[in-house]
Amino acid sequence: MLPPAPPGVVPYIAGYSEEALLNPRIVQHALFPGVAYADETPHDRDSFGMLWVRPTLLPKRRRGEPRLREVHPYRQRRAMANMLCQVCTRPPEDLDAPSLFLLRDTGGPVQEGERTASPPVCVPCAGISIQLCHALRRDHYAAARVEHAPAWGVAGLVYDPDTLIPLPGKELERVEYGTERAPWTVAARTLVALYGVTPVDLEEEFSRLGTDRLEEEFARFRAATRVNG
Ligand SMILES: [Zn+2]
């Protein structure tokens, strides 16, 4: 049985009210066809050479109120790059063991090769998420263990090469690394592709960990939330 989730847990990747996106001036890149920032620094690109949105970076106490529906681009990227739990930032216990992914239900199990912007979760945080996260509650989720989750690309704003304004359409487009659109994209999320997918029953994951351990983990959250709050 899953113990009740500690209230007030704010996932690591969540946004906060005082964290805004800055609006650096977009220019044509000097060396190749693509976009750049007029005042670009090496921090504006990831290890794949993708240009990234520039969010404000604030110390925790100055971030304001949590915005649970928003995602901080850099924290999302960091969680994906290191396969950290998106809620508590716990690194994988065993680097060779398949990571647990908990995705919003799209009408079936997680598919082989499916791409997602949702970083992994640890088992205790899966137990918290399905209780507290509105998008996942009442069994509106699909859980899977995933053997490999290589970076596939980004979700971002694609710019028109002629006008240097964003192409009309969806707010964030999925763009694969190395494709024609990639140099014209300003990334806001890392997307990984999921391979070696085995659907899991979360109840089994919880019982394998045991109620005592889950309660212990939830109590740590309760203590941490009190200190921060
Ligand atoms: Zn966690």
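Let me begin by describing the structure that accompanies this report.

About the cut-offs
Residues numbered from 1 in each chain as written. Predicted model: local features only at pLDDT ≥ 70, side-chain atom pairs only at ≥ 80, totals over all residues. Heavy atoms only, no water. Buried < 20%, exposed > 50% of the residue type's maximum accessible area, 1.4 Å probe, protein only. Helix = DSSP H or I, 4+ residues; strand = E, 2+ residues; numbered from the N terminus. Contact = heavy atoms within 4.5 Å. Polar contact = N/O pair within 3.5 Å; in protein donor to acceptor, adjacent residues only side chain to side chain. Axes fitted to C-alpha atoms, helices over the stretch in contact; angles between N-to-C directions. Parallel < 35°, antiparallel > 145°, perpendicular 65-115°, else oblique. Left-handed = near helix turned anticlockwise from the far one by under 90°. 1 Å grid on protein atoms, 1.4 Å probe; cavity = no way out; pocket = protein on both sides within 12 Å on 5 of 7 lines; lining within 4 Å. Points joined across faces, edges and corners; volume = space filled by probe spheres on them. Nonpolar A, V, L, I, M, F, W, Y, C, P; charged D, E, K, R; others polar. Salt bridge = Lys/Arg side-chain N within 4 Å of Asp/Glu carboxyl O.

**Some points on helix 2 (residues 123-132)**
In an α-helix, one turn spans 3.6 residues; hence positions three or four apart end up facing the same way.
Then comes step 1: For helix 2, the buried fraction is high: eight of the ten residues fall into the buried class.
Then comes step 2: Taken residue by residue, helix 2 has Val123, Pro124, Cys125, Ala126, Gly127, Ile128, Ser129 and Ile130 as its buried positions.

**With respect to the environment of Glu19**
Then comes step 1: By secondary structure assignment, the location of Glu19 is in the loop between strand 1 (14-16) and strand 2 (26-28).
Then comes step 2: Residue contacts for Glu19: discarding those within four places in its chain leaves Ala14, Thr56, Leu58, Arg63, His72 and Arg75.
Then comes step 3: Polar contacts involving the side chain of Glu19 include one to the main-chain amide nitrogen of Tyr16, which spans 3.0 Å.
Then comes step 4: Separated by 2.8 Å, the side chains of Glu19 and Arg75 make a polar contact.

**Some thoughts on the packing of helix 2 against helix 3 (residues 202-209)**
Then comes step 1: Two numbers describe how helix 2 lies on helix 3: the axes approach to 10 Å, and their chain directions differ by 130°. In this view, helix 2 runs oblique relative to helix 3, as classed from their interaxial angle. For the element pair helix 2 and helix 3, the recorded crossing hand is left-handed. Here Val123, Pro124, Ala126, Gly127 and Ile130 of helix 2 lie close against helix 3, whose contacting residues are Leu202, Glu205, Phe206 and Leu209.

**Quick notes on empty space enclosed by the protein**
Then comes step 1: Counted by the stated rule, this structure contains one cavity of 30 Å³ or more.
Then comes step 2: By volume, the largest cavity amounts to about 40 Å³.
Then comes step 3: Forming the boundary of the largest cavity are Gly156, Leu157, Val158, Leu167, Lys170, Glu171 and Glu173.
Then comes step 4: Top element by residues in the lining of the largest cavity is strand 9 (residues 151-158). It accounts for three residues.
Then comes step 5: Across the lining of the largest cavity, the residue classes tally to three nonpolar, one polar and three charged.

**Considerations on the pattern of salt bridges**
Then comes step 1: Under the criterion given, the structure shown has ten salt bridges.
Then comes step 2: For Arg63, the salt bridge identified is with Glu19, shortest N-O distance 3.5 Å. Taken together, the residues span a long stretch of sequence, with Arg63 in the loop between strand 4 (51-52) and strand 5 (66-71) and Glu19 in the loop between strand 1 and strand 2 at a distance of 44 residues. For the pair formed by Arg63 and Glu19, the shared burial category is buried.
Then comes step 3: A salt bridge links Arg213 to Glu217, with the nearest nitrogen and oxygen atoms 3.0 Å apart. Separated by four residues within a single helix, Arg213 and Glu217 lie in helix 4 (residues 211-228), roughly one turn from each other.

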